[in-house]
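Coordinates in review
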Amino acid sequence: MSEATSNGPLLVASGVTKQFGGLTAVDDVSFAIPRNAIVSLIGPNGAGKTTFFNILTGLYKPTLGRVSFDGRDITGGRPDKIMALGVARTFQNIRLFGTMTALENVMVGQHTRMKAGLFGSILRLPRVRREERHVRDKAAELLSFVGLRPALHDQLATNLSYGDQRRVEIARALASDPKLLLLDEPTAGMNPQESGDLTRFMERLRDELGLSILLIEHDMKVVMGVSEHVTVLDHGEKISEGDALTVRTDPQVVEAYLGKQEAERQRTEDGVG
Amino acid sequence: MTGDAAAPRRAPAPVRGPRTRPRAPKLPRRARVGLAAAALLGGAILPLFLASGGGLIEDATLALAYVVMALGLNIIVGFAGLLDLGYVAFFAIGAYTMGYFGSLFHINVNGGEGIHVLVSGVAAELPGIHLNFLLIVVLAIIATTIAGMLIGLPTLRLRGDYIAIVTLAFGEIVGRIAINGDEITGFGTKLTNGRQGITPVDKIDLPFLDPFTALNLRPWYWVAFVMVLLVLFVNFRLRDSRLGRAWIALREDEVAAVSMGVPAVKTKLLAYGTGAAFGGISGAFLGSYLNTVNADQFQFSFSIFILAMVILGGLGSIWGVVVGAIALSFINNYLIPDVLNNVPARIGLDFDLTQLSFGIFGFLLVIMMVLRPEGLIPERRRQLELQEGIEDLAVDGDDVQPAVRP
Amino acid sequence: MASASLTGARAAAPARVVRAFLDKYGLICLLLVMPVAFGIHDLRTEGDLSRLGNNLLDGLSNGSIWALVAIGYTLVYGIVELINFAHGDVFMIGSFTAAGFFGTIGLTAATGVPGLIAGLLLTLLVAMLASGSLNLMIERVAYRPLRGAPRLAPLVAAVGFSFILQNVGLLWRGGSQQGIVDLINSQKELVMIAGVSVTHGDTLAIAVTIPLVLAMTLFISRTRLGKAMRATAQDPDAARLMGINVDTTISATFLIGGMLAGAAGLTYALYQTTVWYFQGFTAGLIAFTAAVMGGIGNIRGAVLGGLIIGVIQQISDNRIGSQWTPAIVFAFLVLIMVFKPSGLLGEETREAG
Ligand SMILES: Nc1ncnc2c1ncn2[C@@H]1O[C@H](COP(=O)(O)OP(=O)(O)OP(=O)(O)O)[C@@H](O)[C@H]1O
Ligand SMILES: [Mg+2]
C-alpha cells in the first residue's frame, strides 16, 4: 500500500463500525497507534473496547471501515495471518490452554515463527529438532522475562494462580515477536502493587523491545501513568482523545463515566480488595 | 455457552481446588520405554507361537489392522478433537483402491489382456489391473487423504456435534455408493460391484518374497505389524510436535488458538488427512487379506466399532488406543463368537450371542462415558478436560463467541 | 445469516447481492429443485401433475411422521444442546410396542370401527408412555451425569444408547423387516381429489400429527412447564435463578419428546405395516435432518422440515429409486449444515466474525 513507510503510524483504523444485528457496538471509530508507544483505550462497560480489539485482530469483520497495519490492509483478514504480521493480544478473560503447561502455551505462541511441517515433524529432521529446541528455550526465556518462577514453567496453566496466568498470557503473546501488543484489561483482579509492576513492565517492553502497546484498562492510575495517548469510547463512539490530562478533564468523558460512577467506585474497590 | 458481553463482568478465574479424582500414577520413563519395547517384541514374535493357518493368528492379524485404523482415528478425534462418526468411509476407499487395482474388476481393460505392474505369480497372468501392493497402498493413501480433506473441509466452521453428524452423513453416503455403485457406470465400467462385492482380490506381493497365500498367515501378520509400527511412530512424532500442540490448542479454545497464529483450516485438514490415510492403508490391506471388498462392511456400525476402540483405550492416549483396539477386536472376533457364544444355550436361553455384539459395544460406550470418559489408559490432558470440563470453561469467556452456532 | 441485514446497508455490489439472495432463499431454491423438475417432466410427458400430486401427498403423510420425531430432536437440542442420537431408536421401540400391543388387546383387521378406534387410542397411549419413559430413563442414566462434560461425552453416550436399543429391537423381532397386521387397510383409497389418491394411511398420519402438534404448541406457550422449558432453553442459568427447577424441566422435555416419538412409532407401524429394528437409525437421521432444516430448537421449523423431507424422500423413492433415498437425504443434510446451519426458520444467531 501507498502508506507503507516505516515512520508512519504502526496501525491505522479508519471509520471502523461494527454492528451486531441492531446494536452498533463500534461506531465510526478512527484511530492511529504510533510506533514505539503505549496508548490506551478506555470507556465504560460495554463501550465497545473489546469488540474493537476483536476487529483489529481479525476475529470480527468490521461492518464498515478499514484497518491497516504497518502499511498493509488487514481489514477482516484471518486472525492467524494478522498475528503473523505482528499483532499479538491477550484476552480480558484469560484464555490460556488449560491442559498445557506454561511452557507449552508459550510454544504455541511461536507457531507462526516455526517452519516444521507434517513430514518434517514425523521424520524429526535435524532442522526440526533444532527448531524445537530453540522454541523451547525461547519460551523459557520469555517466561522468566515476564517473571514466572522457573519452578512453575512445567505446571499446567490451569493450576497457576491468577496473576501467573496473566503473566503466561503476556509471554504467549510476546512469543511471536509482535510489533504491536494488545492488552485487554491486564490488571483486572490485580492488587495495586501488581498493577504497578505491570506498568513498569509495559514500559520495559516499549523501551527494550521497541513494541507498541494498545491497552484497554479500567484502572485510571495505570492508564494515566503509562499512556502517551488516550482514546475514550462510549456507546461505540469515540468521544474524546488526547493526552492523559486532556482526556481526564474533558467534560464529555466525565459525563460518560458519571452515570456509572457508583458502579465504577465499587469496581475499583473490588479490584483493590 | 451464553457468552454475553453485556452480562456482569466475570470474576477472575478461580484457582482450581484439589482434583476430584486422583490421577493415574505415571510410571517412570524408563519403565514405560521398557514396557513398550517388551510389548512390541512380544507382538513381533507372537506368530511363532501360533499355528500358521489357525483362527488365532487370523484374529490377531485382524486386530492389528484395526489398531491401525483406531490410531488413525485417534489423530482426528483424540488429538484434534474432531468427532468423526464416518471413519468407515476411509476403510471403504482404501478397500476399493485395492479392489480397483488388484483384482479382476476391470476385466476388459487393455483388450482383456490386463495391466500388470510389478506383480508376479497368478496375478501376472490375469486380466484386469494388477499393481504391486506397495503401489496400491500409495494410491490408497493419496485417495483417502484427499477424501479426508474433502470431507473435513465443509465441517471446519461447524461446532463439534455438527461435525459428528456431517461426517456420519458422508460415511453413509460413501456406504450407499458402495452398495448401489453397480448402477453407476462410465468409461465402460461400473463404479462398484454393488452387493456382490469385488472378489477375489490379489494377495499381497512384496519384492523379494513369494506372493502371500491364505494358508500361511504369518507374513500377513507381519505386514500388519509393520503397519502398526508405522502408525505408532507417526502418532508419537506428531503428538510431540508443532502440529500436535496446534491440535490441542484448537481443541481447547479455537478462538485463542487462531489469535495465537494457529491456522485453523490447515491444521484441522492435516488431522483429517493423516487420520484418513491410515484408514486407507488398513482398508487396502483388509481388502487383500479378506480377499473381498464387500460393500456390506461399510456401515455406520463399523465407524462406531473403531470409535469405541479409541474411547475405550482413552482419547488421545496412544497406548490406550492400541489396547482398546486389541481388546475390542478380540471381544468381537474371538470372545463373542468362539468362546461365549454357547453360554446362552447352556443356561437355557435361545439366542445367538453374536447378535448382541453391537449392543455390547453400545453398552461399553455408555458405561465408559459415564464412569470413565478418559478411557482405560488415560491421556493426561484429556483426563483433565473430561473430568473438569476445562474445554468448556475456556470457551465460556465473553471476549468472542465460539465458532458459528447453528 | 446475520450478514443479511448488514449487506442491505452497504453499497450493493452485485456479488454481495447474490450472496445475500442465496443466504436468504438459497435453501428454499434447493428444496424446490426436485419438485419443480419432476413437475415439468410430468407436464411434458403426461400432461398433468397427478403423479407429482400423489408424491406430494404421500410425502406429506410420511413427513408428518418425521415431523413428530423431529420435534423430539428439536426440543432436546433446544434445551440441552445435545443431539439425542438414540431418539430414532426410541421411535423404533414405540413402533415395536404398538405392534406388539395390537396382538395383546386382540385387534385384528376384522375388528369393527368403534373397537378399532378405541383400541388404537389405547395403543397410542401405551406407545407414547413406553417411548416417553424410555427417553426419560436414557436422560437420567446416560446424559444427566454428563452435563457439564465436554459436548463429545453425551453425544458418544447417545450413540452408545442407540446401539443398545437397536440390539433390543433385534432380539425382540429379529433381523429382517417384519410385516404386521394391516389394521386400517392403509393403502385403501378413501377419496380421490384431482387425480390424487388419499388413502387411509394418509388420513391417519395427518389425523395423529395435527392434534399432537397443536397440543404441543399450546402446551409450550400456555403452561407453566412449557414456559419453564422455553426459559431454560434460552438461558439455563438465568432460569435457575428465577426459581425454575432445571432438572425437572429437562426431564419433562425428554418425556414429551419421547412421547411424540411413540406416537410417530404407532403411526409408522400402521402406515407402513412393517417394522424393523433398523428403522430407528434411518428415521433418526431423517428427522434430525428435518430439525436442522427447519432451524434447530424451533418447533414449527421441525414440523416444516419433517414435511419437506417427507416429500423429498417420496419423490426420490418414486422417481430415482429408494436405494438412493438415504444418500439423497444425507446430501441435503450436509448441504444444509454447511451452508445454512440456522435452517429455514432458525433464529439469526450472533455473529462469530
Ligand atoms: N458477539 C457479539 N454479539 C452481539 N453483541 C455483542 C457481541 N460482542 C459484543 N457485543 C455487544 O457489543 C457491546 C460492546 O461490547 P464490548 O465487549 O466490546 O464492550 P467493552 O467495552 O469491552 O466492555 P467491558 O468493559 O465490559 O469489557 C456490548 O453491548 C455487547 O453486548
Ligand atoms: Mg471488554
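Keep in mind that what you see is a predicted model, and the values were worked out from it rather than measured.

1. Thoughts on the overall build of chain A
Across its full length, chain A holds 11 helices and 10 strands. Against the compact-globule benchmark of 19 Å for 273 residues, chain A has a radius of gyration of 19 Å, which places it among compact chains. For chain A, the C-alpha atoms occupy an extent of roughly 65 × 50 × 35 Å along the three principal directions. Going through the 273 residues of chain A one by one, you find that 57% of them count as buried. Looking at chain A alone, contacts between residues at least 24 apart form 70% of all its contacts between residues at least 6 apart.

2. Considerations on the overall build of chain B
Counting its secondary structure elements, chain B contains 15 helices and four strands. By the burial criterion, 56% of the 406 residues in chain B qualify as buried. Sequence separation of at least 24 residues holds for 74% of the intrachain contacts in chain B that already meet a minimum separation of 6. Only carbon and sulfur atoms are counted for the fraction: they give 66% of the accessible area of chain B, which is about 16100 Å².

3. A closer look at the packing of helix α11 (residues 279-294) of chain C against helix α12 (residues 299-321) of chain C
All names here are of chain C. Put simply, α11 and α12 touch, their axes get as near as 7 Å, and they point 125° apart. Considering their axes alone, α11 and α12 lie oblique with respect to each other. Handedness of the crossing formed by α11 with α12: right-handed. Contacts between α11 and α12 involve Ile 286, Thr 289, Ala 290, Ala 291, Met 293 and Gly 294 from the first element and Gly 301, Ala 302, Gly 305, Gly 306, Ile 308, Ile 309, Ile 312 and Gln 313 from the second. In terms of residue class, the contact of α11 with α12 is made up of eight nonpolar, six polar and no charged.

4. Details of the interface of chain C and chain B
Across the contact, 48 residues belong to chain C and 56 residues belong to chain B. Buried area between chain C and chain B, summed over both chains or domains, comes out near 4500 Å², and the portion from carbon and sulfur atoms is 74%. The interface formed by chain C and chain B includes zero salt bridges. Our count for the contact surface shared by chain C and chain B stands at five residue pairs in polar contact (both at pLDDT 80 or more). Those elements giving two or more residues to the side of chain C that touches chain B turn out to be α5 (113-143), α6 (152-173), α11 and α13 (325-339) of chain C.

5. A look at the environment of Arg300(C)
The residue Arg300(C) is located in helix α12 in this model. Exposure remark for Arg300(C): the relative accessible area of 63% places this residue in the exposed category.

6. So, the interface of chain B and chain A
Listed per partner, the contact involves 45 residues of chain B and 47 residues of chain A. For the pair chain B and chain A, the summed buried surface comes to about 4200 Å²; carbon and sulfur atoms form 56% of the total. Our count for the chain B to chain A interface comes out at two salt bridges. Glu132(A) is the partner of Arg245(B) in a salt bridge, and the nearest nitrogen-oxygen pair spans 2.7 Å. The tally of links between chain B and chain A comes to 10 residue pairs in polar contact (both at pLDDT 80 or more). For the side of chain B that touches chain A, the elements supplying multiple residues, two or more each, are α6 (218-239), α7 (242-252), α8 (254-259), α9 (264-289), α14 (380-388) and α15 (390-395) of chain B. The greatest single-element share of the side of chain B that touches chain A, amounting to seven residues, is contributed by α7(B).

7. Some remarks on the packing of aromatic side chains
Within the structure shown, the criterion is met by 40 aromatic pairs over all chains. With a centroid separation of 6.4 Å and 80° between ring planes, the pair formed by Tyr100(B) and Phe101(B) is classed as edge-to-face. Assessed through its relative accessible area of 21%, Tyr100(B) is described here as partly exposed. A cation over an aromatic ring shows up here: Arg95(A) above the ring of Phe91(A), its NZ or CZ 5.5 Å from the ring centre. In this arrangement the basic side chain of Arg173(C) is found over the ring face of Phe96(C), its NZ or CZ atom lying 5.7 Å from the centre.

8. Notes on a nonpolar patch on the surface
On the surface, Val18(C), Phe21(C), Leu22(C), Tyr25(C), Ile28(C), Leu32(C), Val36(C) and Ile40(C) cluster together into a nonpolar patch covering about 720 Å² of accessible area. Mapped onto the fold, Val18(C) is located in helix α2 (residues 14-45).

9. Section: the coordination of the magnesium ion (ligand 2)
Each protein donor to the magnesium ion (ligand 2) is listed here as Thr50(A) (OG1) and Gln92(A) (OE1); together their distances run 1.9 to 2.1 Å. You can see Thr50(A) sitting in helix α1 (residues 49-56) and its partner Gln92(A) sitting in the loop between β6 (87-89) and α3 (102-109), a full 42 residues away along the chain.

10. Let's talk about the domain arrangement of chain A
Residues and elements named next belong to chain A. Domain parsing of chain A yields domain 1 (1-86 + 178-273) and domain 2 (96-177). Across the contact, 21 residues belong to domain 1 and 12 residues belong to domain 2. For the pair domain 1 and domain 2, the summed buried area comes to about 1300 Å², and 70% of that belongs to carbon and sulfur atoms. Together, Met 83, Pro 178 and Phe 201 form the three largest contributors to the area buried by domain 1 at its contact with domain 2, with a combined 37%. One can count zero salt bridges joining domain 1 with domain 2. Looking at the side of domain 1 that touches domain 2, the elements with two or more residues in it are α2 (79-85), β7 (180-184) and α7 (192-209). Considering every element that reaches the side of domain 1 that touches domain 2, the biggest residue donor is α7, with six residues. Here the residues of the side of domain 1 that touches domain 2 sort into 13 nonpolar, two polar and six charged.

11. Some words on the side chain of Thr74(C)
Along the chain, the position of Thr74(C) falls in helix α3 (residues 50-80). When near neighbours in sequence (up to four residues on either side) are disregarded, Thr74(C) contacts Ala291(C), Gly295(C), Ile296(C), Gly297(C), Asn298(C), Ile299(C) and Ala302(C).

12. A word on the pattern of salt bridges
If you walk through the whole model with that rule in mind, you get 22 salt bridges over all chains. Between Asp253(B) and Arg95(A) there is a salt bridge, with its nearest N and O atoms 2.8 Å apart. In this pair, Asp253(B) is assigned in the loop between α7 and α8 and Arg95(A) in the loop between β6 and α3, connecting two distinct chains. A salt bridge links Glu241(A) to Lys238(A); its shortest N-O distance comes to 2.9 Å. Taking relative accessible area as the criterion, Glu241(A) reaches 36% and is therefore assigned partly exposed. When its relative accessible area of 28% is taken as the criterion, Lys238(A) is described as partly exposed. Linked through salt bridges whose partners overlap, the residues forming this network are Glu139(C), Arg144(C), Arg147(C) and Asp247(C).

13. Regarding the pairing of strand β10 (residues 237-242) of chain A
Residues and elements named next belong to chain A. Sheet analysis places strand β9 (residues 229-234) next to β10, joined by five bridges and oriented antiparallel. Bridge pairing links Val 230 to Gly 242 in β10. Linking β9 back to β10 in an antiparallel pair, the connection comprises two residues, with His 235 at a positive phi of about 45°.

14. Points about the pairing of β9(A)
Residues and elements named next belong to chain A. Of all six residues in β9, five are buried; the element is thus mostly enclosed. In this sheet, β9 lies alongside strand β3 (residues 38-42) in parallel orientation, the contact comprising four bridges. Paired with Ser 40 across the two strands is Val 230, which belongs to β9.

15. Thoughts on the environment of Ile216(A)
All names here are of chain A. As for its position among the elements, Ile 216 is in strand β8 (residues 212-216). Residues Ile 216 and Thr 231 lie 15 residues apart in sequence; the distance between their C-alpha atoms is 9.8 Å. For Ile 216, the contacting residues outside a window of four places in its chain are Leu 41, Lys 49, Thr 50, Phe 53, Leu 183, Asp 184, Glu 185 and Pro 186.

16. Quick word on empty space enclosed by the protein
All names here are of chain B. This structure, assessed with the given rule, holds five cavities of 30 Å³ or more. Estimated volume of the second largest cavity: approximately 70 Å³. Along its surface, the second largest cavity is lined by Gly 78, Phe 79, Arg 239, Gly 244, Ile 248, Arg 251, Gly 316, Glu 379, Arg 381 and Arg 382. Sorting the residues of the lining of the second largest cavity by element identifies α2 (55-79), α7 and α14 as the ones contributing at least two each. By residue number, the principal contributor to the lining of the second largest cavity is α7, which donates three residues. Tallied by class, residues from the lining of the second largest cavity come to two nonpolar, three polar and five charged.

The rules behind these values
Residues numbered from 1 in each chain as written. Chains lettered and ligands numbered in written order. Predicted model: local features only at pLDDT ≥ 70, side-chain atom pairs only at ≥ 80, totals over all residues. Heavy atoms only, no water. Helix = DSSP H or I, 4+ residues; strand = E, 2+ residues; numbered from the N terminus. Rg over C-alpha atoms; globule rule 2.2 N^0.38 Å. Buried < 20%, exposed > 50% of the residue type's maximum accessible area, 1.4 Å probe, protein only. Contact = heavy atoms within 4.5 Å. Areas by Shrake-Rupley, 256 points an atom, 1.4 Å probe, with all protein chains shown as cover. Axes fitted to C-alpha atoms, helices over the stretch in contact; angles between N-to-C directions. Parallel < 35°, antiparallel > 145°, perpendicular 65-115°, else oblique. Left-handed = near helix turned anticlockwise from the far one by under 90°. Nonpolar A, V, L, I, M, F, W, Y, C, P; charged D, E, K, R; others polar. Buried area = accessible area lost by both parts, 1.4 Å probe. Salt bridge = Lys/Arg side-chain N within 4 Å of Asp/Glu carboxyl O. Polar contact = N/O pair within 3.5 Å; in protein donor to acceptor, adjacent residues only side chain to side chain. Phe/Tyr/Trp six-rings, centres within 6.5 Å; stacked < 30°, edge-to-face > 60°. Lys NZ or Arg CZ within 6 Å of the ring centre and 35° of its normal. Patch = residues over 30% accessible without salt bridge, like charges linked within 9 Å, V, L, I, M, F, W, Y side chains within 5 Å. Donors = N, O, S within 2.8 Å, 3.2 Å for Na, K, Ca; no water. Domains from an automatic or database assignment. Pairing = 2+ DSSP bridges. 1 Å grid on protein atoms, 1.4 Å probe; cavity = no way out; pocket = protein on both sides within 12 Å on 5 of 7 lines; lining within 4 Å. Points joined across faces, edges and corners; volume = space filled by probe spheres on them.

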